[in-house]
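Remarks on the overall topology
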Amino acid sequence: MQKQLHLLTLLALGACAADGGESASAASNAPDRLSLASTPGMAFGGLDDRPEYSFSVVSAGAFLGPDRFVILDSQASELKVYSTSGEHLHTFGRRGEGPGELGRLPRLLATGDGTIRIWDGLQQRLSVFDGDGRYLSSTRPMDGTEIRFVQLAGALSDNRVIWKQPSQSRGAEDAPNGVYRDTTFHVVRSPDGVSDTLAWTLAAEAYRANAEGQQLSTRVLFGREGFAVVGGDRLIYGVTDDPLLRSRNADGSDGPTFRWDIERTPVSGREIDSLRSESAAPWRGRLETGGPQLVAMANAQLRVIDEAPARETRPHFSAAHVNGSGDVLVQLATDLFSVTNEWVLFDEHGAPRGTFSSPRDFRVLDFTLGEILGYTLDELDLPTFQIRALEAS
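Everything quoted here is computed from the prediction, not taken from an experiment. Within every chain, residues take consecutive numbers counted from 1 along the sequence as written. Selection of residues for local features in this predicted model requires a pLDDT of at least 70, selection of side-chain atom pairs for listing and counting requires 80 or more, and totals for whole chains, interfaces and linings are taken over all residues. Water and hydrogen atoms were dropped before computing side-chain values, which therefore reflect all heavy atoms in the structure.

The next thing to look at is the overall build of the protein chain. To qualify as a helix, a DSSP run of H or I must reach at least 4 residues; to qualify as a strand, a run of E must reach at least 2; elements of each kind are numbered from the N terminus. Helices and strands together make up the secondary structure of the protein chain, namely 2 helices and 27 strands. Relative accessibility under 20% of the residue-type maximum defines a buried residue, over 50% an exposed one, and the middle range a partly exposed one, all with a 1.4 Å probe and only protein chains included. The buried share among the 393 residues of the protein chain stands at 53%.

So, in structure tokens, the structure goes:
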């Protein structure tokens, strides 16, 4: 299941807590080089009049086993299940608020037990279907909290959900002026409302200052962003400026780590200036169009952006995918503004299985250790779904 990480263009100087020791599960030898098949083993899509092969907005997809996969069309609030040979098996789902219905912007969650779990962010409801699309159950695990739009990492097989909670929402004391670091807690919550912290990470650092009589802070994110997703019934998490993902099992015990090597080059002064300019541009526009209060706010924000220090760091990855078995696929990053087509594949134990390249226009939805499910877009932005084999070079 994909969890895309956008390289934010705000000022940044994040740092991650150093890993206390090498995991025995992360091999020190360089992984093998793999090859993604140039010809898909299965492909369908593009302009097609058949409703079972027509899509509005593709937001997610996942293997349901060795011979089936599901695609979520979020705009149509439909899920379509296909065989791995491309045969349409069934379609289910419709927009609504009733049992088994999907709200706007539904999210498909990774599953390793053959069931399909959908998170409805507006209703904060978890709905569960079997592999044939039959509705099984739904829960509202966030009932009883004051959180309206939860940042969900995923759901466990027992339907507990794991969500991300910044430290400020826990009533932390006001941070002092200057540089400070926030913390993100990963909280597991059961359907009966019992919550417990499963793991935590140091989030992006921020810079706080008094400007124009206001207390303001600027998040500094030189490509630094937190990552957390559930797969293989464990939480896998990290931050983009550390070449390492950690994991925590559903029972709270430590899981394997996933580590890779990548060469870094310093961020140039030109890149730093470019990021400052890009961060400041929206506020400069408000100086010309806003009223007195908005102009005062814009001036204050511009001052904080200009004063905020910068640390020369680069992201180590731009996207990470975790499948239902707990295997991990990491897309590497080389600079602040773009991603690469280079990937590192790990098995569920944290052992690197190989590296490979993908076509620039190929978007990954899900994967196994031997196949990649993804799609490309044509000139009309219509998807063509593909399954490509991973082979030893």
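Think of pLDDT as the predictor's per-residue confidence, scored from 0 to 100. Summing up the model confidence of the protein chain, the mean pLDDT is 81 and the portion of residues at 70 or higher is 82%. Two residues form a contact once any of their heavy atoms are found within 4.5 Å. Counting contacts from residues 2–28, a segment whose pLDDT is below 50, to residues more than four positions away or on other chains yields 95 contacts.

Attention now goes to the sheet that holds strand β10 (residues 125–129). Pairing within the open sheet is antiparallel, and its 4 strands lie in the order β8-β9-β10-β11. The open sheet terminates on both sides in strands that have one partner only, identified here as β8 (106–109) and β11 (135–139). Each strand of the sheet is rotated relative to its neighbour by a mean of 25°, with strand direction disregarded. By definition, two strands form a pair when at least two bridges between them are found by DSSP. Here 4 bridges tie β10 to β11, and the two strands are oriented antiparallel to one another. Directly across from valine 128, in β11, lies its bridge partner serine 137. Axes here mean lines fitted to C-alpha atoms, for a helix over just the part in contact, with angles spanning 0 to 180 degrees between N-to-C directions.

We call Phe, Tyr and Trp rings a pair once their centres come within 6.5 Å, taking the six-membered ring for Trp, and we label the pair stacked below 30 degrees between planes, edge-to-face above 60, and tilted otherwise. As enumerated under the stated definition, the model contains 16 aromatic pairs in all. Measuring from ring centre to ring centre gives 5.6 Å for tyrosine 53 and tyrosine 82, while their planes differ by 45°; the resulting arrangement is tilted. In this pair, tyrosine 53 sits in the loop between β3 (42–45) and β4 (58–63) while tyrosine 82 sits in strand β6 (residues 78–83), placing the two residues 29 residues apart along the sequence. According to the relative accessible area criterion, tyrosine 53 is buried, its value standing at 10%. Ring centres of phenylalanine 227 and phenylalanine 317 lie 6.2 Å apart, and the angle between their planes is 90°; this geometry places the pair in the edge-to-face category. With a gap of 90 residues between them, phenylalanine 227 in strand β17 (residues 226–231) and phenylalanine 317 in strand β21 (residues 317–322) connect regions that are remote in the sequence. Relative accessible area serves as the criterion here: at 1%, phenylalanine 227 is assigned to the buried category. A network of ring pairs unites the aromatic residues Phe44, Tyr53, Phe55, Phe69, Tyr82, Tyr375 and Phe385 as a single cluster. In this scheme, the term charge over a ring applies when either NZ of a lysine or CZ of an arginine sits within 6 Å of the ring centre and within 35 degrees of the ring normal. Geometry around phenylalanine 55 places lysine 80 over its ring, the cationic atom sitting 4.5 Å from the centre. Taking the ring centre of tryptophan 283 as reference, the NZ or CZ of arginine 286 above it sits at 4.5 Å.

With that settled, the discussion passes to the environment of threonine 340. Relative to the helices and strands, threonine 340 is located in strand β23 (residues 339–346). Residue threonine 340 is classed as buried on the basis of its relative accessible area of 11%. When the C-alpha atoms of threonine 340 and serine 358 are compared, they prove to be 9.0 Å apart, with 18 residues separating the residues in sequence. Any N or O atom pair separated by 3.5 Å or less is treated as a polar contact, with the protein-specific requirement of one donor-capable and one acceptor-capable atom, and with residues adjacent in sequence counted only for side-chain atom pairs. A polar contact is formed between the side chain of threonine 340 and the backbone oxygen of leucine 332, at a distance of 2.8 Å. At 3.1 Å, the side chain of threonine 340 and the backbone nitrogen of glutamate 342 are in polar contact.

Within strand β18 (residues 234–239), 6 of the 6 residues are buried, which leaves the element mostly enclosed by the surrounding structure. Pairing between β17 and β18: 6 bridges, direction antiparallel. Directly across from valine 230, in β18, lies its bridge partner leucine 235. Joining the antiparallel neighbours β17 and β18 is a turn of 2 residues, in which glycine 232 adopts a positive phi near 65°. The pairing of β18 with strand β19 (residues 244–249) spans 4 bridges and is antiparallel. Among the inter-strand pairings, arginine 234 is bridged to a residue of β19, identified as asparagine 249. Here β18 hands over to β19 after 4 residues, the two strands then running antiparallel side by side.

On to unusual backbone geometry, then. Here the phi dihedral of serine 77 falls at roughly 55°; this positive angle occurs in a residue that is not glycine. With respect to the element layout, serine 77 can be found in the loop between β5 (68–73) and β6. By relative accessible area, which is 0% here, serine 77 ends up buried. Of note in the backbone geometry, aspartate 381 takes a positive phi value of approximately 60° without being a glycine. Residue position: aspartate 381 is located in the loop between β26 (371–377) and β27 (383–392).

A word on the environment of glycine 154. When you line up the elements, glycine 154 lands in strand β12 (residues 151–155). Ignoring anything within four residues of it in the chain, the contact list for glycine 154 reads Leu109, Arg160, Val161, Ile162 and Val230.

On to the packing of helix α1 (residues 269–289) against helix α2 (residues 292–307). Look at α1 against α2: their axes get within 8 Å of each other, and the N-to-C directions meet at 165°. As summarised for this structure, α1 and α2 are arranged roughly antiparallel, according to the angle between their axes. Every pair of crossing elements has a handedness; the one defined by α1 and α2 is left-handed. Listed contacts from α2 to Arg276, Ser279, Ala280, Trp283, Arg284, Arg286 and Leu287 of α1 are Leu294, Val295, Met297, Ala298, Asn299, Gln301, Leu302, Ile305 and Asp306. For the contact of α1 with α2, the per-class residue count stands at 9 nonpolar, 3 polar and 4 charged. For classification purposes, an angle smaller than 35 degrees is called roughly parallel, one larger than 145 roughly antiparallel, one from 65 to 115 roughly perpendicular, and anything else oblique. Each crossing gets its hand from how the near helix is turned against the far one by less than a right angle, where anticlockwise is left-handed and clockwise is right-handed. Polar here means any residue outside two lists: the nonpolar Ala, Val, Leu, Ile, Met, Phe, Trp, Tyr, Cys and Pro, and the charged Asp, Glu, Lys and Arg; Gly therefore counts as polar.

The rule for a salt bridge is simple: a side-chain nitrogen of Lys or Arg has to be within 4 Å of a carboxyl oxygen of Asp or Glu. Enumeration over the complete set of coordinates arrives at 10 salt bridges. For glutamate 342, the salt bridge goes to arginine 33, with nearest N and O atoms at 3.0 Å. Of this pair, glutamate 342 sits in strand β23 while arginine 33 sits in the loop between β1 (2–4) and β2 (34–36), and the two are 309 residues apart along the sequence. Taking the relative accessible area as the measure of exposure, glutamate 342 reaches 25% and is therefore partly exposed. A salt bridge links aspartate 48 to arginine 50; the nearest nitrogen and oxygen atoms lie 2.8 Å apart. By relative accessible area, which is 42% here, arginine 50 ends up partly exposed.

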